[in-house]
Amino acid sequence: QVTLRESGPALVKPTQTLTLTCTISGFSVSTSGMCVSWVRQPPGKALEWLGRIEWDDDKFYSTSLKTRLTISKDASKNQVVLTMTNMDPADTATYYCARIPSEAYCLGGFDVWGQGTVVTVSS
Amino acid sequence: DIQMTQSPSILSATVGDRVTITCRASQDIGSWLAWYQQKPGKTPKLLIYDASNLEDGVPSRFSGGGSGTEFTLTITSLQPDDFAGYYCQQYNPNSLWTFGQGTKVEIK
(Lines give C-alpha, C1' and ligand atoms only; values in the text may rest on other atoms or scores of the structure.)
Protein backbone atom coordinates (compact mmCIF):
# COMPACT_ATOMS: atom_id res chain seq x y z
CA GLN A 1 0.00 0.00 0.00
CA VAL A 2 1.31 3.41 -0.98
CA THR A 3 1.14 6.12 1.67
CA LEU A 4 2.59 9.59 2.02
CA ARG A 5 2.72 11.49 5.28
CA GLU A 6 3.70 15.12 5.72
CA SER A 7 5.34 16.38 8.89
CA GLY A 8 6.74 19.65 10.09
CA PRO A 9 6.00 22.67 12.26
CA ALA A 10 2.44 23.89 12.58
CA LEU A 11 3.53 27.45 13.32
CA VAL A 12 6.37 29.49 11.88
CA LYS A 13 7.22 33.15 12.29
CA PRO A 14 7.46 35.61 9.40
CA THR A 15 10.87 35.56 7.69
CA GLN A 16 11.65 32.08 9.04
CA THR A 17 12.40 29.07 6.87
CA LEU A 18 9.84 26.24 6.69
CA THR A 19 10.99 22.65 6.31
CA LEU A 20 8.39 19.95 5.61
CA THR A 21 9.07 16.26 5.21
CA CYS A 22 7.05 13.78 3.15
CA THR A 23 7.67 10.25 4.40
CA ILE A 24 6.85 7.66 1.79
CA SER A 25 5.97 4.01 2.06
CA GLY A 26 5.03 1.56 -0.65
CA PHE A 27 7.53 2.77 -3.23
CA SER A 28 11.10 4.03 -3.29
CA VAL A 29 12.10 7.60 -4.10
CA SER A 30 14.84 6.03 -6.19
CA THR A 31 12.46 4.05 -8.39
CA SER A 32 12.73 4.92 -12.05
CA GLY A 33 9.76 7.10 -12.94
CA MET A 34 9.19 8.32 -9.37
CA CYS A 35 7.57 11.72 -9.24
CA VAL A 36 6.49 13.59 -6.08
CA SER A 37 5.02 17.07 -5.97
CA TRP A 38 4.18 19.56 -3.26
CA VAL A 39 0.81 21.31 -3.40
CA ARG A 40 -0.66 23.83 -0.99
CA GLN A 41 -4.09 25.25 -0.28
CA PRO A 42 -4.70 28.43 1.72
CA PRO A 43 -7.86 28.37 3.83
CA GLY A 44 -10.91 28.56 1.59
CA LYS A 45 -8.83 28.92 -1.56
CA ALA A 46 -7.71 26.85 -4.51
CA LEU A 47 -4.98 24.26 -4.82
CA GLU A 48 -1.58 25.61 -5.84
CA TRP A 49 1.18 23.47 -7.34
CA LEU A 50 4.52 24.34 -5.76
CA GLY A 51 7.02 22.03 -7.43
CA ARG A 52 8.13 18.48 -8.05
CA ILE A 53 11.14 16.17 -7.87
CA GLU A 54 11.68 13.32 -10.28
CA TRP A 55 13.42 9.98 -10.04
CA ASP A 56 16.59 11.30 -11.67
CA ASP A 57 16.71 14.22 -9.19
CA ASP A 58 15.39 16.76 -11.70
CA LYS A 59 13.45 19.48 -9.91
CA PHE A 60 10.89 21.97 -11.14
CA TYR A 61 9.43 24.90 -9.21
CA SER A 62 6.48 27.24 -9.56
CA THR A 63 7.61 30.42 -11.23
CA SER A 64 6.16 32.61 -8.49
CA LEU A 65 7.98 30.70 -5.71
CA LYS A 66 11.13 29.37 -7.34
CA THR A 67 13.46 31.77 -5.56
CA ARG A 68 12.19 30.54 -2.18
CA LEU A 69 11.73 26.80 -2.73
CA THR A 70 13.99 23.81 -2.58
CA ILE A 71 12.81 20.22 -2.98
CA SER A 72 15.13 17.34 -2.26
CA LYS A 73 14.98 13.63 -1.58
CA ASP A 74 16.67 11.41 0.96
CA ALA A 75 16.85 7.87 -0.38
CA SER A 76 18.12 6.46 2.91
CA LYS A 77 14.97 7.62 4.69
CA ASN A 78 12.67 7.40 1.66
CA GLN A 79 11.61 11.00 2.13
CA VAL A 80 11.04 14.10 0.05
CA VAL A 81 11.77 17.42 1.73
CA LEU A 82 10.36 20.88 0.98
CA THR A 83 12.18 23.98 2.16
CA MET A 84 10.58 27.41 1.80
CA THR A 85 12.47 30.50 2.87
CA ASN A 86 11.29 33.89 4.04
CA MET A 87 7.85 32.75 5.16
CA ASP A 88 5.01 35.27 5.11
CA PRO A 89 1.47 35.19 6.55
CA ALA A 90 0.25 34.74 2.95
CA ASP A 91 1.98 31.32 3.01
CA THR A 92 -0.48 30.08 5.64
CA ALA A 93 -1.98 26.95 4.10
CA THR A 94 -2.38 23.20 4.19
CA TYR A 95 0.64 21.67 2.50
CA TYR A 96 0.33 18.34 0.71
CA CYS A 97 2.76 15.99 -0.91
CA ALA A 98 1.36 13.85 -3.72
CA ARG A 99 2.71 11.31 -6.15
CA ILE A 100 2.23 10.25 -9.74
CA PRO A 101 2.53 6.50 -10.36
CA SER A 102 6.06 5.55 -11.34
CA GLU A 103 4.94 3.85 -14.53
CA ALA A 104 3.63 7.23 -15.76
CA TYR A 105 7.05 8.89 -15.57
CA CYS A 106 5.58 12.16 -14.28
CA LEU A 107 2.82 12.25 -16.86
CA GLY A 108 -0.38 11.63 -14.97
CA GLY A 109 -2.62 12.74 -12.15
CA PHE A 110 -1.74 12.63 -8.47
CA ASP A 111 -3.26 9.34 -7.41
CA VAL A 112 -2.03 9.29 -3.81
CA TRP A 113 -1.90 12.31 -1.49
CA GLY A 114 -0.66 12.78 2.02
CA GLN A 115 -3.20 13.85 4.61
CA GLY A 116 -1.82 17.38 4.55
CA THR A 117 -0.17 19.45 7.23
CA VAL A 118 -1.47 22.85 8.30
CA VAL A 119 1.15 25.58 8.50
CA THR A 120 0.34 28.95 10.04
CA VAL A 121 2.66 31.89 9.61
CA SER A 122 2.28 34.35 12.44
CA SER A 123 4.40 36.28 14.87
CA ASP B 1 3.23 29.62 -17.16
CA ILE B 2 0.09 27.97 -18.46
CA GLN B 3 -3.06 29.44 -16.94
CA MET B 4 -6.05 27.20 -16.30
CA THR B 5 -9.47 28.83 -16.16
CA GLN B 6 -12.45 26.89 -14.85
CA SER B 7 -16.09 27.80 -15.33
CA PRO B 8 -18.38 28.22 -13.63
CA SER B 9 -16.88 29.03 -10.24
CA ILE B 10 -20.09 27.90 -8.56
CA LEU B 11 -22.63 25.51 -10.02
CA SER B 12 -26.02 25.03 -8.36
CA ALA B 13 -27.69 21.75 -9.21
CA THR B 14 -30.08 19.13 -7.91
CA VAL B 15 -29.74 15.38 -7.52
CA GLY B 16 -30.18 13.70 -10.87
CA ASP B 17 -28.95 16.65 -12.93
CA ARG B 18 -26.33 16.32 -15.63
CA VAL B 19 -23.60 18.87 -14.94
CA THR B 20 -20.59 19.98 -16.94
CA ILE B 21 -17.55 21.91 -15.76
CA THR B 22 -15.22 23.51 -18.28
CA CYS B 23 -11.49 24.06 -18.00
CA ARG B 24 -9.59 26.18 -20.52
CA ALA B 25 -5.82 26.26 -20.89
CA SER B 26 -3.95 29.36 -22.01
CA GLN B 27 -2.00 27.23 -24.49
CA ASP B 28 -2.17 23.78 -26.04
CA ILE B 29 -1.57 21.06 -23.44
CA GLY B 30 -2.57 18.08 -25.58
CA SER B 31 -4.38 15.67 -23.27
CA TRP B 32 -2.19 16.27 -20.22
CA LEU B 33 -5.04 17.11 -17.86
CA ALA B 34 -6.42 15.68 -14.64
CA TRP B 35 -9.60 16.34 -12.67
CA TYR B 36 -9.90 16.10 -8.88
CA GLN B 37 -12.78 16.15 -6.42
CA GLN B 38 -12.27 17.68 -3.00
CA LYS B 39 -14.70 17.68 -0.10
CA PRO B 40 -14.38 20.12 2.82
CA GLY B 41 -11.52 19.16 5.12
CA LYS B 42 -10.47 16.26 2.91
CA THR B 43 -7.63 15.60 0.52
CA PRO B 44 -8.23 15.86 -3.23
CA LYS B 45 -9.24 12.69 -5.02
CA LEU B 46 -8.15 11.91 -8.57
CA LEU B 47 -11.12 11.34 -10.88
CA ILE B 48 -9.77 11.62 -14.42
CA TYR B 49 -6.28 11.61 -15.93
CA ASP B 50 -5.03 12.14 -19.46
CA ALA B 51 -8.19 14.20 -20.04
CA SER B 52 -10.55 11.25 -20.41
CA ASN B 53 -9.26 8.21 -18.50
CA LEU B 54 -11.32 7.28 -15.46
CA GLU B 55 -9.24 6.51 -12.37
CA ASP B 56 -9.83 3.06 -10.90
CA GLY B 57 -12.77 2.98 -8.53
CA VAL B 58 -14.34 6.23 -9.74
CA PRO B 59 -18.02 5.86 -10.68
CA SER B 60 -18.79 5.78 -14.37
CA ARG B 61 -21.13 8.78 -14.07
CA PHE B 62 -17.94 10.88 -14.18
CA SER B 63 -16.40 11.46 -17.59
CA GLY B 64 -13.78 13.76 -19.04
CA GLY B 65 -13.34 15.10 -22.54
CA GLY B 66 -11.47 17.56 -24.67
CA SER B 67 -7.93 18.18 -25.83
CA GLY B 68 -5.70 21.09 -26.70
CA THR B 69 -7.07 24.05 -24.77
CA GLU B 70 -10.64 23.12 -23.85
CA PHE B 71 -11.69 20.35 -21.50
CA THR B 72 -14.83 19.21 -19.73
CA LEU B 73 -15.78 17.19 -16.70
CA THR B 74 -19.31 15.81 -16.88
CA ILE B 75 -21.30 14.17 -14.14
CA THR B 76 -24.38 12.39 -15.41
CA SER B 77 -27.14 12.04 -12.83
CA LEU B 78 -25.59 14.00 -9.94
CA GLN B 79 -25.60 12.09 -6.66
CA PRO B 80 -25.66 13.50 -3.09
CA ASP B 81 -22.02 12.45 -2.65
CA ASP B 82 -20.99 14.58 -5.64
CA PHE B 83 -21.59 17.96 -4.02
CA ALA B 84 -17.98 19.06 -3.61
CA GLY B 85 -15.21 21.14 -5.13
CA TYR B 86 -13.64 20.17 -8.45
CA TYR B 87 -10.25 21.18 -9.84
CA CYS B 88 -8.53 20.68 -13.14
CA GLN B 89 -4.74 20.44 -13.32
CA GLN B 90 -2.43 20.46 -16.31
CA TYR B 91 0.79 18.47 -16.37
CA ASN B 92 2.19 19.38 -19.76
CA PRO B 93 5.65 17.78 -19.91
CA ASN B 94 7.18 20.91 -21.44
CA SER B 95 6.01 23.34 -18.79
CA LEU B 96 5.46 23.91 -15.11
CA TRP B 97 2.19 22.59 -13.76
CA THR B 98 -0.88 24.50 -12.63
CA PHE B 99 -4.34 23.98 -11.18
CA GLY B 100 -7.55 25.72 -12.12
CA GLN B 101 -9.20 27.96 -9.56
CA GLY B 102 -11.86 25.39 -8.75
CA THR B 103 -15.60 24.87 -9.18
CA LYS B 104 -17.95 24.35 -6.27
CA VAL B 105 -20.94 22.15 -7.02
CA GLU B 106 -23.63 23.05 -4.52
CA ILE B 107 -27.18 22.02 -3.82
CA LYS B 108 -29.72 24.19 -5.62
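Up top you'll find the structure we're talking about.
Predicted model, so just to flag it, every value in this text is computed and none were measured.

1. Notes on the environment of K108 of chain B
Residues and elements named next belong to chain B.
Phase 1: Topologically, K108 is positioned in the segment after β11 (103–107).
Phase 2: Residue class for K108 comes out exposed when judged on its relative accessible area of 70%.
Phase 3: In the structure, K108 is positioned 47 residues away from R61 in sequence and 20 Å away in space, judged by C-alpha atoms.
Phase 4: Beyond its immediate stretch of four places on either side in the chain, K108 contacts S12, A13 and T14.

2. Some points on the packing of aromatic side chains
Phase 1: A full pass over the atoms with the stated rule returns eleven aromatic pairs over all chains.
Phase 2: For the ring pair F110 of chain A and W97 of chain B, a centre distance of 6.0 Å and an interplane angle of 55° mean the geometry is tilted. In this pair, F110 of chain A is assigned in the loop between β9 (93–100) and β10 (112–113) and W97 of chain B in the loop between β9 (85–90) and β10 (98–99), connecting two distinct chains. Each member of the pair, F110 of chain A as well as W97 of chain B, is classed as buried.
Phase 3: Through successive ring pairs, a cluster of aromatic residues spans W49, Y96, F110 and W113 of chain A together with W32, Y36, Y91, W97 and F99 of chain B.
Phase 4: The ring of F60 of chain A carries R52 of chain A above its face, with NZ or CZ at 4.1 Å from the centroid.
Phase 5: Sitting above the plane of the W97 of chain B ring, R52 of chain A keeps its charged end 4.0 Å from the centroid.

3. Quick look at the interface of chain B and chain A
Phase 1: Of the residues lining the interface, 22 residues belong to chain B; the matching set on chain A comes to 25 residues.
Phase 2: Across the chain B/chain A interface, buried area totals approximately 1,700 Å², and carbon plus sulfur atoms make up 66% of it.
Phase 3: It is L96, W97 and F99 of chain B in chain B that bury the most area against chain A; as a group they hold 38% of the surface buried on that side.
Phase 4: Viewed at the interface, chain A and chain B are joined by zero salt bridges.
Phase 5: At the boundary of chain B and chain A, one finds four residue pairs in polar contact (both at pLDDT 80 or more).

4. Concerning the pattern of salt bridges
Side chains that differ in charge, positive against negative, can pair when their charged atoms come close.
Phase 1: Across all of its chains, the model carries nine salt bridges over all chains by this definition.
Phase 2: Linking D111 of chain A and R99 of chain A is a salt bridge whose minimum nitrogen-to-oxygen distance equals 2.9 Å. On the criterion of sequence distance, the pair formed by D111 of chain A in the loop between β9 and β10 and R99 of chain A in strand β9 is long-range, its members being twelve residues apart.
Phase 3: Where D81 of chain B meets K39 of chain B, a salt bridge forms, and the shortest distance between an N and an O atom there is 2.2 Å. Residue D81 of chain B is found in the loop between β8 (70–75) and β9, and its partner K39 of chain B is found in the loop between β4 (33–38) and β5 (45–49); the two are separated by 42 residues along the sequence.

Procedures and definitions
Residues numbered from 1 in each chain as written. Chains lettered and ligands numbered in written order. Predicted model: local features only at pLDDT ≥ 70, side-chain atom pairs only at ≥ 80, totals over all residues. Heavy atoms only, no water. Helix = DSSP H or I, 4+ residues; strand = E, 2+ residues; numbered from the N terminus. Buried < 20%, exposed > 50% of the residue type's maximum accessible area, 1.4 Å probe, protein only. Contact = heavy atoms within 4.5 Å. Phe/Tyr/Trp six-rings, centres within 6.5 Å; stacked < 30°, edge-to-face > 60°. Lys NZ or Arg CZ within 6 Å of the ring centre and 35° of its normal. Buried area = accessible area lost by both parts, 1.4 Å probe. Salt bridge = Lys/Arg side-chain N within 4 Å of Asp/Glu carboxyl O. Polar contact = N/O pair within 3.5 Å; in protein donor to acceptor, adjacent residues only side chain to side chain.

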